[in-house]
Amino acid sequence: MENMRIIKVKQSVLANNDARAESLRQHLKEKGVYFINLMSSPGSGKTTLLVNLINKLKKELRVGVIEADMDAVVDAHTIEDATGVRTIQLHTSGECHLDAKMTSEGIACLGEEGLDLVILENIGNLVCPAEFDTGATMNLVILSVPEGDDKPLKYPLMFTKGNTFVFTKMDTVSVFDFDVEVAKERILKLNPKAKFFPVSAKKDVGVDELASYIVSCVKNYQK
Ligand SMILES: Nc1nc2c(ncn2[C@@H]2O[C@H](COP(=O)(O)OP(=O)(O)OP(=O)(O)O)[C@@H](O)[C@H]2O)c(=O)[nH]1
Ligand SMILES: [Mg+2]
Ligand SMILES: [Zn+2]
(Lines give C-alpha, C1' and ligand atoms only; values in the text may rest on other atoms or scores of the structure.)
(Ligands and ions follow the chains in the order given, each with its own letter.)
Protein backbone atom coordinates (compact mmCIF):
# COMPACT_ATOMS: atom_id res chain seq x y z
CA MET A 1 0.00 0.00 0.00
CA GLU A 2 2.89 2.33 0.82
CA ASN A 3 4.10 2.39 -2.78
CA MET A 4 0.65 2.99 -4.25
CA ARG A 5 0.89 5.67 -6.94
CA ILE A 6 -1.71 8.37 -6.69
CA ILE A 7 -2.33 10.32 -9.89
CA LYS A 8 -4.23 13.57 -9.66
CA VAL A 9 -5.92 13.29 -13.04
CA LYS A 10 -8.26 16.23 -12.70
CA GLN A 11 -5.49 18.64 -11.78
CA SER A 12 -3.23 17.65 -14.66
CA VAL A 13 -6.11 17.85 -17.12
CA LEU A 14 -7.03 21.28 -15.82
CA ALA A 15 -3.41 22.49 -15.97
CA ASN A 16 -3.26 21.28 -19.58
CA ASN A 17 -6.54 23.07 -20.25
CA ASP A 18 -5.18 26.32 -18.82
CA ALA A 19 -2.21 26.20 -21.19
CA ARG A 20 -4.44 25.59 -24.20
CA ALA A 21 -6.81 28.37 -23.14
CA GLU A 22 -3.91 30.79 -22.78
CA SER A 23 -2.58 29.94 -26.23
CA LEU A 24 -6.04 30.40 -27.79
CA ARG A 25 -6.35 33.79 -26.01
CA GLN A 26 -2.96 34.82 -27.43
CA HIS A 27 -3.92 33.70 -30.95
CA LEU A 28 -7.20 35.64 -30.84
CA LYS A 29 -5.41 38.72 -29.50
CA GLU A 30 -3.02 38.64 -32.47
CA LYS A 31 -6.03 38.41 -34.81
CA GLY A 32 -7.91 41.18 -32.98
CA VAL A 33 -10.85 38.88 -32.28
CA TYR A 34 -12.61 39.39 -28.94
CA PHE A 35 -14.12 36.24 -27.44
CA ILE A 36 -17.09 36.08 -25.04
CA ASN A 37 -18.02 32.90 -23.16
CA LEU A 38 -21.71 33.10 -22.19
CA MET A 39 -22.64 30.86 -19.27
CA SER A 40 -25.80 30.26 -17.22
CA SER A 41 -28.28 27.59 -16.16
CA PRO A 42 -30.57 25.90 -18.71
CA GLY A 43 -33.40 28.09 -19.88
CA SER A 44 -32.15 31.27 -18.21
CA GLY A 45 -32.48 33.16 -21.48
CA LYS A 46 -29.09 32.92 -23.25
CA THR A 47 -30.40 32.45 -26.78
CA THR A 48 -33.13 35.07 -26.38
CA LEU A 49 -30.60 37.61 -25.09
CA LEU A 50 -28.12 36.74 -27.87
CA VAL A 51 -30.67 37.34 -30.64
CA ASN A 52 -31.56 40.78 -29.27
CA LEU A 53 -27.95 41.68 -28.44
CA ILE A 54 -26.43 40.53 -31.75
CA ASN A 55 -28.98 42.51 -33.74
CA LYS A 56 -27.61 45.60 -31.99
CA LEU A 57 -23.93 44.59 -32.03
CA LYS A 58 -23.88 43.70 -35.73
CA LYS A 59 -24.38 47.38 -36.65
CA GLU A 60 -20.88 48.05 -35.30
CA LEU A 61 -19.06 44.72 -35.13
CA ARG A 62 -18.62 41.62 -37.28
CA VAL A 63 -19.99 38.89 -35.03
CA GLY A 64 -19.78 35.08 -35.13
CA VAL A 65 -21.58 32.64 -32.83
CA ILE A 66 -20.76 29.17 -31.52
CA GLU A 67 -23.73 27.35 -30.04
CA ALA A 68 -22.80 24.42 -27.81
CA ASP A 69 -25.22 21.71 -26.77
CA MET A 70 -25.00 18.06 -25.89
CA ASP A 71 -27.32 17.42 -28.84
CA ALA A 72 -29.85 19.42 -30.96
CA VAL A 73 -29.39 22.33 -33.33
CA VAL A 74 -32.37 24.51 -32.41
CA ASP A 75 -30.35 27.35 -30.88
CA ALA A 76 -27.97 27.64 -33.85
CA HIS A 77 -30.94 27.79 -36.23
CA THR A 78 -32.64 30.40 -34.05
CA ILE A 79 -29.54 32.62 -34.00
CA GLU A 80 -28.88 32.25 -37.71
CA ASP A 81 -32.50 32.88 -38.73
CA ALA A 82 -32.97 35.84 -36.38
CA THR A 83 -29.62 37.60 -36.85
CA GLY A 84 -28.03 36.32 -40.08
CA VAL A 85 -24.56 36.18 -38.48
CA ARG A 86 -22.05 33.36 -39.04
CA THR A 87 -23.10 30.55 -36.67
CA ILE A 88 -22.06 26.97 -35.96
CA GLN A 89 -23.34 24.30 -33.58
CA LEU A 90 -21.02 22.22 -31.45
CA HIS A 91 -22.10 18.90 -30.01
CA THR A 92 -20.25 17.72 -26.95
CA SER A 93 -21.31 14.04 -27.01
CA GLY A 94 -22.65 14.11 -23.49
CA GLU A 95 -20.14 16.50 -21.88
CA CYS A 96 -21.88 19.19 -19.88
CA HIS A 97 -19.21 21.86 -20.41
CA LEU A 98 -16.69 22.99 -23.02
CA ASP A 99 -12.95 22.91 -22.46
CA ALA A 100 -10.30 24.92 -24.31
CA LYS A 101 -9.64 22.14 -26.83
CA MET A 102 -13.31 21.86 -27.85
CA THR A 103 -13.52 25.65 -28.01
CA SER A 104 -10.41 25.92 -30.22
CA GLU A 105 -11.91 23.35 -32.58
CA GLY A 106 -15.17 25.30 -32.62
CA ILE A 107 -13.41 28.58 -33.43
CA ALA A 108 -11.38 26.88 -36.17
CA CYS A 109 -14.63 25.53 -37.70
CA LEU A 110 -16.40 28.88 -37.42
CA GLY A 111 -13.35 30.68 -38.86
CA GLU A 112 -12.30 33.80 -36.96
CA GLU A 113 -11.04 35.62 -40.08
CA GLY A 114 -13.03 38.78 -40.75
CA LEU A 115 -14.68 38.79 -37.31
CA ASP A 116 -14.32 41.28 -34.45
CA LEU A 117 -16.23 39.22 -31.93
CA VAL A 118 -16.98 35.54 -31.33
CA ILE A 119 -19.66 34.65 -28.79
CA LEU A 120 -19.89 31.13 -27.38
CA GLU A 121 -23.23 30.04 -25.89
CA ASN A 122 -21.87 27.46 -23.45
CA ILE A 123 -23.92 24.48 -22.26
CA GLY A 124 -26.67 25.44 -19.81
CA ASN A 125 -25.04 24.50 -16.50
CA LEU A 126 -23.96 26.62 -13.52
CA VAL A 127 -21.37 24.12 -12.29
CA CYS A 128 -18.58 22.72 -14.48
CA PRO A 129 -18.40 25.32 -17.30
CA ALA A 130 -16.94 27.56 -14.58
CA GLU A 131 -14.10 25.07 -13.99
CA PHE A 132 -12.76 25.25 -17.55
CA ASP A 133 -11.05 28.31 -19.01
CA THR A 134 -12.17 28.45 -22.65
CA GLY A 135 -9.69 31.16 -23.68
CA ALA A 136 -12.37 33.85 -23.51
CA THR A 137 -11.60 37.49 -22.73
CA MET A 138 -15.03 38.06 -21.19
CA ASN A 139 -16.95 35.54 -19.09
CA LEU A 140 -20.51 36.76 -19.35
CA VAL A 141 -22.83 35.13 -16.81
CA ILE A 142 -26.62 35.35 -16.91
CA LEU A 143 -28.75 35.02 -13.80
CA SER A 144 -32.46 35.13 -14.57
CA VAL A 145 -34.97 36.50 -12.08
CA PRO A 146 -37.01 33.24 -11.69
CA GLU A 147 -33.86 31.37 -10.55
CA GLY A 148 -33.59 33.50 -7.40
CA ASP A 149 -31.02 35.90 -5.95
CA ASP A 150 -29.45 33.12 -3.83
CA LYS A 151 -27.66 31.46 -6.76
CA PRO A 152 -24.33 33.26 -6.10
CA LEU A 153 -24.36 31.60 -2.65
CA LYS A 154 -25.00 28.13 -4.09
CA TYR A 155 -22.74 28.26 -7.17
CA PRO A 156 -19.90 30.53 -6.01
CA LEU A 157 -17.33 29.38 -8.59
CA MET A 158 -19.49 30.54 -11.51
CA PHE A 159 -19.97 33.92 -9.86
CA THR A 160 -16.23 34.16 -9.18
CA LYS A 161 -15.12 33.24 -12.72
CA GLY A 162 -17.62 35.59 -14.36
CA ASN A 163 -16.64 39.20 -14.88
CA THR A 164 -19.81 40.63 -16.41
CA PHE A 165 -23.25 39.72 -15.05
CA VAL A 166 -26.65 40.07 -16.66
CA PHE A 167 -29.81 39.85 -14.56
CA THR A 168 -32.38 38.91 -17.17
CA LYS A 169 -36.17 38.45 -17.30
CA MET A 170 -36.42 41.67 -15.25
CA ASP A 171 -39.97 42.02 -16.66
CA THR A 172 -40.96 39.18 -14.26
CA VAL A 173 -39.44 40.74 -11.12
CA SER A 174 -42.82 41.59 -9.56
CA VAL A 175 -43.83 37.91 -9.34
CA PHE A 176 -40.55 36.52 -7.98
CA ASP A 177 -38.64 37.28 -4.78
CA PHE A 178 -35.57 38.54 -6.58
CA ASP A 179 -33.76 41.51 -5.11
CA VAL A 180 -31.27 43.01 -7.56
CA GLU A 181 -29.33 44.81 -4.81
CA VAL A 182 -29.01 41.62 -2.76
CA ALA A 183 -27.85 39.67 -5.83
CA LYS A 184 -25.25 42.37 -6.60
CA GLU A 185 -23.94 42.36 -3.02
CA ARG A 186 -23.59 38.57 -3.03
CA ILE A 187 -21.64 38.65 -6.30
CA LEU A 188 -19.46 41.61 -5.24
CA LYS A 189 -18.35 39.67 -2.16
CA LEU A 190 -16.92 36.99 -4.47
CA ASN A 191 -15.92 39.32 -7.20
CA PRO A 192 -15.33 42.99 -6.33
CA LYS A 193 -14.80 44.10 -9.96
CA ALA A 194 -18.05 42.62 -11.28
CA LYS A 195 -20.11 44.68 -13.75
CA PHE A 196 -23.91 44.38 -13.76
CA PHE A 197 -26.59 44.78 -16.42
CA PRO A 198 -30.26 44.28 -15.46
CA VAL A 199 -32.19 43.54 -18.67
CA SER A 200 -35.34 42.17 -20.17
CA ALA A 201 -34.33 40.53 -23.43
CA LYS A 202 -37.98 40.02 -24.28
CA LYS A 203 -39.08 43.62 -23.70
CA ASP A 204 -35.78 45.06 -24.95
CA VAL A 205 -34.95 46.87 -21.72
CA GLY A 206 -31.30 47.41 -20.78
CA VAL A 207 -29.89 45.54 -23.78
CA ASP A 208 -28.64 48.77 -25.42
CA GLU A 209 -26.46 49.47 -22.36
CA LEU A 210 -25.00 45.95 -22.49
CA ALA A 211 -24.37 46.28 -26.24
CA SER A 212 -22.57 49.64 -25.79
CA TYR A 213 -20.41 48.17 -23.05
CA ILE A 214 -19.44 45.19 -25.24
CA VAL A 215 -18.66 47.47 -28.20
CA SER A 216 -16.37 49.57 -25.98
CA CYS A 217 -14.61 46.44 -24.64
CA VAL A 218 -13.99 45.19 -28.19
CA LYS A 219 -12.71 48.60 -29.42
CA ASN A 220 -10.33 48.91 -26.45
CA TYR A 221 -9.06 45.39 -27.02
CA GLN A 222 -8.40 46.07 -30.71
CA LYS A 223 -6.42 49.29 -30.05
N1 LIG B 1 -40.33 37.01 -19.51
C2 LIG B 1 -39.17 36.79 -20.11
N3 LIG B 1 -38.92 35.57 -20.63
C4 LIG B 1 -37.71 35.38 -21.22
C5 LIG B 1 -36.73 36.40 -21.31
N6 LIG B 1 -35.63 35.89 -21.93
C7 LIG B 1 -35.95 34.59 -22.23
N8 LIG B 1 -37.20 34.29 -21.81
C9 LIG B 1 -37.90 33.00 -21.95
O10 LIG B 1 -37.16 31.99 -21.26
C11 LIG B 1 -37.25 30.73 -21.94
C12 LIG B 1 -35.84 30.19 -22.20
O13 LIG B 1 -35.13 31.09 -23.04
P14 LIG B 1 -33.86 30.67 -23.90
O15 LIG B 1 -33.36 31.92 -24.52
O16 LIG B 1 -34.18 29.53 -24.79
O17 LIG B 1 -32.89 30.17 -22.74
P18 LIG B 1 -31.45 29.46 -22.89
O19 LIG B 1 -30.67 29.88 -21.71
O20 LIG B 1 -30.87 29.75 -24.24
O21 LIG B 1 -31.83 27.92 -22.78
P22 LIG B 1 -30.86 26.65 -23.04
O23 LIG B 1 -30.03 26.96 -24.25
O24 LIG B 1 -31.82 25.52 -23.27
O25 LIG B 1 -30.05 26.49 -21.79
C26 LIG B 1 -38.02 31.01 -23.23
O27 LIG B 1 -39.36 30.61 -23.02
C28 LIG B 1 -37.91 32.51 -23.39
O29 LIG B 1 -38.99 33.08 -24.08
C30 LIG B 1 -37.04 37.69 -20.76
O31 LIG B 1 -36.23 38.66 -20.76
N32 LIG B 1 -38.27 37.81 -20.16
MG1 LIG C 1 -30.09 28.44 -25.67
ZN1 LIG D 1 -19.33 19.26 -17.28
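Structure shown above.
Read on for an overview of the structure. Just so it is clear, the model here is predicted, and its values are computed rather than measured.

### Some words on the pairing of strand β1 (residues 34-39)
Okay, step 1: Within β1, six of the six residues are buried, which leaves the element mostly enclosed by the surrounding structure.
Okay, step 2: Burial along β1 is two-sided: Y34, I36 and L38 and F35, N37 and M39, pointing in opposite directions, are all buried.
Okay, step 3: Sheet topology note: the β1/strand β5 (residues 138-144) ladder contains four bridges and is parallel. When the sheet's bridge partners are listed, M39 is paired in β5 with V141.

### Brief notes about the site of ligand 1
Okay, step 1: Taken together, 17 residues lie near ligand 1, and G45, K46, T47, T48 and G124 sit nearest.
Okay, step 2: Broken down by element, the residue count for the shell around ligand 1 peaks at three residues, all from helix α2 (residues 46-57).
Okay, step 3: Considered class by class, the residues forming the shell around ligand 1 number two nonpolar, 10 polar and five charged.

### Section: the environment of V73
Okay, step 1: Assignment of secondary structure puts V73 in the loop between β2 (63-69) and α3 (74-83).
Okay, step 2: Each C-alpha atom, one on V73 and one on A130, is 23 Å from the other, the two residues being 57 residues apart in sequence.

### Some thoughts on the environment of V141
Okay, step 1: Considering the arrangement of structural elements, one finds V141 in strand β5.
Okay, step 2: Between the C-alpha atoms of V141 and F196, which are 55 residues apart in sequence, the distance is 9.8 Å.
Okay, step 3: With near-sequence residues (within four places) excluded, V141 lies in contact with M39, S40, M158, F159, G162 and F165.

### Observations regarding the nonpolar core
Okay, step 1: I36, L117, V118, I119 and V166 are the most contacted members of the largest nonpolar core, which totals 59 residues.
Okay, step 2: Not counting residues up to four positions away in its chain, the partners in contact with I119 are I36, L38, L50, V63 and V65.

### Regarding the packing of α2 against α3
Okay, step 1: It is at 10 Å that the axes of α2 and α3 come closest, and there the two elements cross at 25°. Considering the angle they form, α2 stands roughly parallel to α3. The handedness of the crossing between α2 and α3 is right-handed. Contacts between α2 and α3 pair T47, L50, V51, I54 and N55 from the former with D75, T78, I79, A82 and T83 from the latter.
Okay, step 2: For the contact of α2 with α3, the residue count by class is five nonpolar, four polar and one charged.

Calculation rules
Residues numbered from 1 in each chain as written. Chains lettered and ligands numbered in written order. Predicted model: local features only at pLDDT ≥ 70, side-chain atom pairs only at ≥ 80, totals over all residues. Buried ≥ 20, exposed ≤ 12 C-beta atoms within 10 Å, placed from the backbone. Helix = DSSP H or I, 4+ residues; strand = E, 2+ residues; numbered from the N terminus. Pairing = 2+ DSSP bridges. Near = placed C-beta within 6 Å. Nonpolar A, V, L, I, M, F, W, Y, C, P; charged D, E, K, R; others polar. Contact = placed C-beta atoms within 7 Å. Core = buried A, V, L, I, M, F, W, Y, C linked by C-beta atoms within 7 Å. Axes fitted to C-alpha atoms, helices over the stretch in contact; angles between N-to-C directions. Parallel < 35°, antiparallel > 145°, perpendicular 65-115°, else oblique. Left-handed = near helix turned anticlockwise from the far one by under 90°.

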